[in-house]
Amino acid sequence: MTIHHDTRPTLNLIRLANGEGLDLPAYESKGAAGMDLRAAVDEAAPLTLLPGKRALVPTGFIFEIPEGFEGQVRPRSGLAFKNGITCLNTPGTVDSDYRGEVKVLLINLGEEAFVISRGMRIAQMVIAPVTQARVAEITEASETMRGAGGFGSTGV
Ligand SMILES: O=c1ccn([C@H]2C[C@H](O)[C@@H](COP(=O)(O)OP(=O)(O)OP(=O)(O)O)O2)c(=O)[nH]1
Ligand SMILES: [Mg+2]
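All of these numbers come straight from a predicted model, not from anything done at the bench.

**Student:** Which parts of the structure should I look at to understand the overall build of the protein chain?
**Tutor:** If you tally the helices and strands in the protein chain, you get 1 helix and 10 strands. Ordered by position in the sequence, the α and β elements of the protein chain form the string β-β-β-β-β-α-β-β-β-β-β. In terms of overall dimensions, the protein chain is more spread out than a globule: its C-alpha atoms have a radius of gyration of 19 Å, far above the 15 Å expected for 156 residues. Its C-alpha atoms give the protein chain principal-axis dimensions of about 60 × 55 × 35 Å. Buried residues in the protein chain amount to 31% of all 156 residues. Pairs at least 24 residues apart make up 72% of the contacts formed inside the protein chain by residues separated by at least 6 positions. For the protein chain, the accessible surface area stands at approximately 10800 Å², while carbon and sulfur atoms represent 53% of it. On the protein chain, the mean spot of the 15 positive side-chain charges and the mean spot of the 18 negative ones are 5 Å from each other.

Below is the structure:
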């Protein structure tokens, strides 16, 4: 009999007052890379995002990202394709030492106003391993084939 140990890191969430009654962020399919984030906007006051405008949308939770990981806030492709809604700073970076409310910076690149209602799944968060490098200054870079080629230097 094989015993499966759950090796996944634990993401502790602290529910804030504006998060009362919201479903927890969740993976919507067995293999989902990201957990969907819900809008903690006021039930009685949905947020209307006009074309070209941006808004910081609260999630109602503090995320205690495990050490050695980051939270990547990414758009949902359905909202991007159908409504032109994306995360302006995608991927948003939630640091493991952040203890404030996670918010989603949405921008409306579509042609219609977009109404964000309470509990709407407006973005997703991928928990990914991340490392800090030790920074050292040197005087000369090592030689490579690419050298300083960038920005299309390899052609199309
Ligand atoms: O989509 C995002 C991006 C960031 N944050 C929060 C968590 C993150 O840890 C903090 C700082 O993010 P970032 O480092 O991108 O912003 P900054 O402009 O560098 O601010 P700071 O000087 O506070 O690091 O803001 C969010 O809630 N959502
Ligand atoms: Mg920062």
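**Student:** Mind showing me how you'd approach the site of ligand 1 here?
**Tutor:** Close to ligand 1 lie V73, N89, G92, T93, V94, D95, Y98, E101, V102 and K103, which account for all nearby residues. Residue N89 places a side-chain N or O atom 3.2 Å away from an oxygen atom belonging to ligand 1. Interatomic distance of 2.6 Å between a side-chain N/O atom of D95 and an oxygen atom of ligand 1. Relative to its unbound accessible surface of 570 Å², ligand 1 loses 49% to contact with the protein. When contributions to the shell around ligand 1 are tallied by element, the ones reaching two or more residues are β7 (92-94) and β8 (101-108). The residue makeup of the shell around ligand 1, split by class, is 4 nonpolar, 3 polar and 3 charged.

**Student:** What should I look at first to understand the sheet that holds β8 in this one?
**Tutor:** Sheets are built from strands paired through backbone hydrogen bonds, the pairs being either parallel or antiparallel. Sheet architecture is open: 4 strands sit in the order β1-β4-β8-β6, paired in antiparallel fashion. The open sheet is flanked by β1 (12-15) and β6 (85-87), the only strands paired with a single partner. Averaged over neighbouring strand pairs, the angle between their axes works out to 45 degrees when direction is ignored. Alignment of β1 against strand β4 (residues 54-64), held across 4 bridges, turns out to be antiparallel. When the sheet's bridge partners are listed, R15 is paired in β4 with F61.

Basis of the calculations
- Residues numbered from 1 in each chain as written.
- Chains lettered and ligands numbered in written order.
- Predicted model: local features only at pLDDT ≥ 70, side-chain atom pairs only at ≥ 80, totals over all residues.
- Heavy atoms only, no water.
- Helix = DSSP H or I, 4+ residues; strand = E, 2+ residues; numbered from the N terminus.
- Rg over C-alpha atoms; globule rule 2.2 N^0.38 Å.
- Buried < 20%, exposed > 50% of the residue type's maximum accessible area, 1.4 Å probe, protein only.
- Contact = heavy atoms within 4.5 Å.
- Areas by Shrake-Rupley, 256 points an atom, 1.4 Å probe, with all protein chains shown as cover.
- Lys, Arg positive; Asp, Glu negative; His and termini not counted.
- Charge placed at Lys NZ, Arg CZ, Asp CG, Glu CD.
- Near = heavy atom within 4 Å.
- Polar contact = N/O pair within 3.5 Å; in protein donor to acceptor, adjacent residues only side chain to side chain.
- Nonpolar A, V, L, I, M, F, W, Y, C, P; charged D, E, K, R; others polar.
- Pairing = 2+ DSSP bridges.
- Axes fitted to C-alpha atoms, helices over the stretch in contact; angles between N-to-C directions.

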